[in-house]
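Fold and contact review
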Amino acid sequence: MSDTLGNLISRLAQTNIELWHEEDKARVQDDLQVASAKRNIDKLNQKRNDLIERIDEEFRGIVARETATGKAKGAKRG
């Protein structure tokens, strides 16, 4: 699976949806179901944080490449 910025954002959106569903499962009276949901919430939060870090890295890379390209184009003009 490609780690393009768009793909990473799509995966983040899907993870957020999964997280919201797990949070709903944690709002019941059954302690075992709540405990299971809380463990899944922890895993999904970690996945979410990892995706946000990857999005930040990809975005910084795009900005750096565009900045370098812009400087190179400006140097050719001047």
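First, a word on scope: everything that follows refers to the structure included in this document. (Residues numbered from 1 in each chain as written. Predicted model: local features only at pLDDT ≥ 70, side-chain atom pairs only at ≥ 80, totals over all residues. Heavy atoms only, no water.)

Re the overall build of the protein
Short version of the rule: Where helices and strands are cited, they refer to DSSP runs of H or I of at least four residues and of E of at least two residues respectively, numbered from the N terminus. Using a 1.4 Å probe, accessible areas were evaluated by the Shrake-Rupley method; residue-level cover was limited to the displayed protein chains. For this count, His and the chain ends are skipped, Lys and Arg are scored as positive, and Asp and Glu as negative. All charge positions are set by atom: Lys at NZ, Arg at CZ, Asp at CG, Glu at CD.
A tally of helices and strands in the protein yields two helices and zero strands. Principal-axis analysis of the C-alpha atoms gives the protein an extent of 70 × 20 × 15 Å. Accessible surface, the protein as shown: approximately 5,900 Å² in total, 53% of it carbon and sulfur. If you average the places of the 15 positive and of the 14 negative side-chain charges in the protein, the two averages end up 9 Å apart.

Structural notes on the pattern of salt bridges
Here is the rule: In what follows, salt bridge is the name for a side-chain nitrogen of Lys or Arg lying within 4 Å of a carboxyl oxygen of Asp or Glu. Relative accessibility thresholds used throughout: buried, under 20% of the residue-type maximum; exposed, over 50%; partly exposed, between the two (1.4 Å probe, protein chains only).
The final tally for this structure, using the stated rule, is six salt bridges. The partner of Glu-22 in a salt bridge is Lys-25, with the nearest N and O atoms 3.0 Å apart. Remark: Lys-25 and Glu-22 occur in helix α1 (residues 5–25); sequence separation between them is three residues, near one turn of the helix. Looking at Lys-25, the relative accessible area reads 41%, which means it is partly exposed. Linked by salt bridges that have partners in common, Asp-3, Arg-11, Arg-54 and Glu-57 make up one network.

Quick notes on the nonpolar core
Definition in use: As used in this record, nonpolar core signifies buried Ala, Val, Leu, Ile, Met, Phe, Trp, Tyr and Cys residues forming a set joined through side-chain atoms within 4.5 Å. The contact criterion used is simple: two residues touch if any of their non-hydrogen atoms lie within 4.5 Å.
Grouped together as the largest cluster of nonpolar side chains are five residues: Leu-19, Ala-26, Ala-37, Ile-41 and Leu-44. By residue number, the principal contributor to this core is helix α2 (residues 31–77), which donates three residues. Ignoring sequence-local partners within four residues, the contact set of Leu-19 consists of Ile-41, Leu-44, Asn-45 and Arg-48.

Points about α1
This is how it is decided: One less than the residue count of a helix, multiplied by 1.5 Å, gives the span that helix is expected to have. Comment: arc refers to directions from the helix axis out to C-beta atoms.
Over its 21 residues, α1 extends 30 Å from the first C-alpha to the last, a length consistent with the 30 Å expected when each residue adds 1.5 Å. Along α1, the positions that sit buried rather than exposed are Leu-8, Leu-12, Thr-15, Asn-16, Leu-19 and Glu-22. Looking down the long axis of α1, one finds its buried residues gathered within 125 degrees of arc, a one-sided arrangement.

Thoughts on the side chain of Glu-22
Threshold: Residues adjacent in sequence count toward polar contacts only when both atoms are side-chain atoms; beyond that, a polar contact is any pair of N or O atoms within 3.5 Å, and within protein one must be able to donate a hydrogen and the other to accept it.
Residue classification places Glu-22 among the buried residues on the basis of a relative accessible area of 10%. Looking at Glu-22, its side chain comes within polar contact range of the side chain of Lys-25, at 3.0 Å. Leave out the neighbours within four places in its chain, and Glu-22 touches Ala-37, Asn-40, Ile-41 and Leu-44.

Quick word on the environment of Thr-15
Assignment of secondary structure puts Thr-15 in helix α1. Accessibility expressed as a relative area gives 1% for Thr-15, which makes it buried. Taking the C-alpha atoms as reference, Thr-15 lies 7.5 Å from Lys-47; in sequence the two are 32 residues apart. Residue contacts for Thr-15: discarding those within four places in its chain leaves Leu-44, Lys-47, Arg-48 and Leu-51.

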